[in-house]
Amino acid sequence: MQLPPKVTDRAFARLAAINAGQAVPRALRVAVEGGGCSGFQYDLKLEDTPAADDIVLEGAGQRVFIDPVSLPFLENATIDFTDELIGARFVVQNPNATSSCGCGISFSM
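Since this is a predicted model, take the numbers as computed values, not measurements. (Residues numbered from 1 in each chain as written. Predicted model: local features only at pLDDT ≥ 70, side-chain atom pairs only at ≥ 80, totals over all residues. Heavy atoms only, no water.)

Engineer: An account of the side chain of Thr8 is needed here, citing residue identities and associated values.
Structural biologist: Mapped onto the elements of the fold, Thr8 is located in the loop between strand 1 (6–7) and helix 1 (9–19). On the accessibility criterion, Thr8 (10% relative accessible area) is buried. Among the polar contacts listed, one links the side chain of Thr8 to the backbone nitrogen of Ala11, at a separation of 3.1 Å. (Helix = DSSP H or I, 4+ residues; strand = E, 2+ residues; numbered from the N terminus. Buried < 20%, exposed > 50% of the residue type's maximum accessible area, 1.4 Å probe, protein only. Polar contact = N/O pair within 3.5 Å; in protein donor to acceptor, adjacent residues only side chain to side chain.)

Here it is as structure tokens:
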């Protein structure tokens, strides 16, 4: 059995801020695709509705969608939000990654 990633309170709070005042709140989709400079890359985007087979993580009235193909790559990972000098963004801290590029979007296993 694969354990889904953890979503931090900070990530859920940022989603809530994004969705404040929206008639229909959007969810964060976290997917893993082939590509990038290290072999795999994260695809993060906002979506309205989950696919029928998505894993849906909920907290603070917000949702994160993960497709079943991406789930093994994200086992025990942490989805967070960071606000640093280089910018504010959602990040994935993945203990399964053996290496990653400088931007943190691309990784290998």
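Engineer: Can you tell me about the nonpolar core, naming the residues and giving the values?
Structural biologist: Ranked by internal contacts, the top residues of the largest apolar core, which has 18 residues, are Val30, Val64, Ile66 and Ile79. Once residues within four sequence positions are removed from consideration, Val64 is found in contact with Val7, Phe12, Leu15, Leu28, Val30, Ile55, Val56, Leu57 and Ile79. (Core = buried A, V, L, I, M, F, W, Y, C linked by side-chain atoms within 4.5 Å. Contact = heavy atoms within 4.5 Å.)

Engineer: Account for the packing of aromatic side chains, naming residues and giving values.
Structural biologist: Here the structure, examined in full by the defined rule, presents 1 aromatic pair. Taking the centre distance of 5.2 Å and the plane angle of 70° together, the rings of Phe81 and Phe90 count as edge-to-face. By relative accessible area, which is 13% here, Phe90 ends up buried. (Phe/Tyr/Trp six-rings, centres within 6.5 Å; stacked < 30°, edge-to-face > 60°.)

Engineer: Describe the pattern of salt bridges, listing the residues and the values that go with them.
Structural biologist: Per the stated rule, a full pass over the model turns up 5 salt bridges. Linking Asp54 and Arg29 is a salt bridge whose minimum nitrogen-to-oxygen distance equals 2.4 Å. One end of the pair, Asp54, is in the loop between strand 3 (40–47) and strand 4 (55–59); the other, Arg29, is in strand 2 (residues 27–34), with 25 residues separating them in the sequence. Residues Asp43 and Lys45 are paired through a salt bridge, measuring 3.5 Å at the closest nitrogen-oxygen approach. Under the relative-accessibility criterion, Asp43 is labelled partly exposed at 21%. Because the salt bridges share partners, they merge into one network encompassing Arg29, Glu47 and Asp54. (Salt bridge = Lys/Arg side-chain N within 4 Å of Asp/Glu carboxyl O.)

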